[in-house]
Amino acid sequence: MDQAEILLSDREFTRIKRRVYEVAGISLSDAKRTLVVSRLSKIVRAMELGSFDAYMDHLERGGSSRDGQNFINALTTNLTRFYREDHHFAHLRSYVGELIAAKPRGSRLRIWSAGCSTGQEPYTIGMDLLAAFPELRRWDLKILATDIDTAVIARAAQGIYPESEAQGLSTERLRAFERGSDGTLRIPDAVRELISFKPLNLIGPWPMKGPFDAIFCRNVAIYFDKPTQGEMFGRFNKLLAPNGFLYIGHSENLGAGGDGYRLVGKTIYQSKAIASKREAA
Ligand SMILES: C[S@@+](CC[C@H](N)C(=O)[O-])C[C@H]1O[C@@H](n2cnc3c(N)ncnc32)[C@H](O)[C@@H]1O
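Residues numbered from 1 in each chain as written. Predicted model: local features only at pLDDT ≥ 70, side-chain atom pairs only at ≥ 80, totals over all residues. Heavy atoms only, no water.

> Would you mind going over the layout of surface pockets with me for this structure?
If a probe the size of a water molecule is rolled over the atoms, the empty space left behind becomes visible. Estimated volume of the largest pocket: approximately 500 Å³. Taken together, 32 residues line the largest pocket, and the ones lying closest to its centre are T77, D147, N219, V220 and Y223. Among the residues making up the lining of the largest pocket, the classes are represented as 15 nonpolar, 12 polar and five charged. Put simply, the second largest pocket is a space of about 200 Å³. Y83, R93, M127, D128, A131, A132, S170, E172, R173, R175 and A176 are the residues that line the second largest pocket. Elements with a contribution of two residues or more to the lining of the second largest pocket: α6 (120–132) and α8 (171–174). The element best represented in the lining of the second largest pocket is α6, accounting for four residues. Counted by class, the lining of the second largest pocket contains five nonpolar, one polar and five charged residues. (1 Å grid on protein atoms, 1.4 Å probe; cavity = no way out; pocket = protein on both sides within 12 Å on 5 of 7 lines; lining within 4 Å. Points joined across faces, edges and corners; volume = space filled by probe spheres on them. Nonpolar A, V, L, I, M, F, W, Y, C, P; charged D, E, K, R; others polar. Helix = DSSP H or I, 4+ residues; strand = E, 2+ residues; numbered from the N terminus.)

Below is the structure:
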């Protein structure tokens, strides 16, 4: 190590945990202590603040919104990959196939990737659907992709990924990407045009009205406590179209937010078609 590590006291760790919980709903367990030290000490050093207490004082007593955002960005976990939990995309494909058969050409189709990290999830949705149903180019298809971490949103919007992201993808799936001269994987314009990347805090206000035909919120709720999870899944239900689908991560469940859904597959929930929703859709 080239620099002496900044020590994190129990009191400082408690302050950090409280702030990230209040702002982002993220519950940091004690096991995350080392991660907190390594991620935040870079910032503390760069700001020449000397201690975590001085850093928290700065954030709490009028640090800029950029400082506050950097704090959150540093504490999120952004692990993701193309075609993660493949069965969700197969399920969505079959649902969209049914919608195409049932609705007039050019109909509206809305999908939300909530907690999209660096973009692999919404791009997988877009690439997979366009490959399966080229006629969707003539539909009103839009994919909203949001995350609280502004740094990952900026990277996602570029749509350029290192060659290592190709690992594990079949030749057929790789064909959906363009290749840069440096071997990078590039998302084709036809797919990029479907997706809007926006910063959004899932525990804050949501400006969207919906309804969404499908919501992906995978491997995000694991960072929240049970009440925060329940509230979020309940809010998704209000934005889902009747019979629309919610896809969650492999280790997650809806807990107290499960009213209004029926389980239809592994970590796949369908919104029950209640009368008030049918009128709104
Ligand atoms: C592990 S990634 C999951 C990415 C993708 N959904 C997947 O399953 O591959 C979790 C993401 O949730 C985001 N996140 C955490 N708390 C959030 C919040 N309060 N609002 C919105 N996004 C949040 C993080 O920034 C991170 O990018």
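Next comes the rest of the account.
> Honestly, the environment of N70 in this entry has me stumped. Any pointers?
Inspection of the secondary structure puts N70 in helix α4 (residues 65–75). Of the residues examined, N70 reaches a relative accessible area of 33% and is grouped as partly exposed. As a C-alpha pair, N70 and A151 span 81 residues in sequence and 8.6 Å in three-dimensional space. (Buried < 20%, exposed > 50% of the residue type's maximum accessible area, 1.4 Å probe, protein only.)

> When you look at the nonpolar core in this model, what are you seeing that I'm missing?
Side chains of nonpolar character tend, in soluble globular proteins, to be buried together. Counting residues in each nonpolar core, the largest one holds 45 residues, and the members touching the most others are L40, F71, W112, L202, F236 and L246. Taken together, the elements giving at least two residues each to this core come down to α1 (10–24), α2 (33–46), α3 (52–60), α4, β1 (108–114), β7 (212–217), α10 (226–239) and β8 (240–248). For this core, the leading source of residues is α2, giving five residues. In this view, F71 contacts I16, R19, V20, L40, Y55, M56 and L59; residues no more than four positions away in its chain are not counted. Grouped together as the second largest cluster of nonpolar side chains are 39 residues, C116, M127, L130 and I195 included. (Core = buried A, V, L, I, M, F, W, Y, C linked by side-chain atoms within 4.5 Å. Contact = heavy atoms within 4.5 Å.)

> Got a minute to help me understand the sheet that holds strand β4 (residues 178–179) in this structure?
On the basis of which strands lie adjacent, the open sheet formed by three strands has the order β3-β5-β4 and antiparallel pairing. Single-partner strands in this sheet number two, and they are β3 (160–161) and β4. Bridge count for β3 against strand β5 (residues 185–186) is two bridges, and the pairing is antiparallel. By the bridge assignment, I160 is partnered in β5 with R186. (Pairing = 2+ DSSP bridges.)

> Please clarify how the domain arrangement of the protein chain should be interpreted in this entry.
For interface size, the figure often reported is the accessible area lost on association. Here the protein chain is partitioned into domain 1 (10–75) and domain 2 (87–280). Each of domain 1 and domain 2 has a C-alpha centre, and the two are 30 Å apart. Domain 1 puts 11 residues into the contact, and the matching count from domain 2 is 10 residues. Summing both sides of the interface, domain 1 and domain 2 together bury roughly 800 Å²; the carbon and sulfur share of this comes to 48%. Counting the contacts that link domain 1 with domain 2 gives zero salt bridges. Taken together, the connections running from domain 1 to domain 2 amount to five residue pairs in polar contact (both at pLDDT 80 or more). Broken down by secondary-structure element, the contributors of at least two residues to the side of domain 1 that touches domain 2 are α1 and α4. Tallied by class, the residues present in the side of domain 1 that touches domain 2 amount to five nonpolar, four polar and two charged. (Domains from an automatic or database assignment. Buried area = accessible area lost by both parts, 1.4 Å probe. Salt bridge = Lys/Arg side-chain N within 4 Å of Asp/Glu carboxyl O. Polar contact = N/O pair within 3.5 Å; in protein donor to acceptor, adjacent residues only side chain to side chain.)

> Please clarify how the side chain of D53 should be interpreted in this entry.
The topology assignment puts D53 in helix α3. Its relative accessible area of 17% is what places D53 among the buried residues. In this structure the side chain of D53 is engaged in a polar contact, spanning 2.4 Å, whose partner is the side chain of R11. If sequence neighbours within four positions are ignored, D53 has contacts with R11, E12 and R15.

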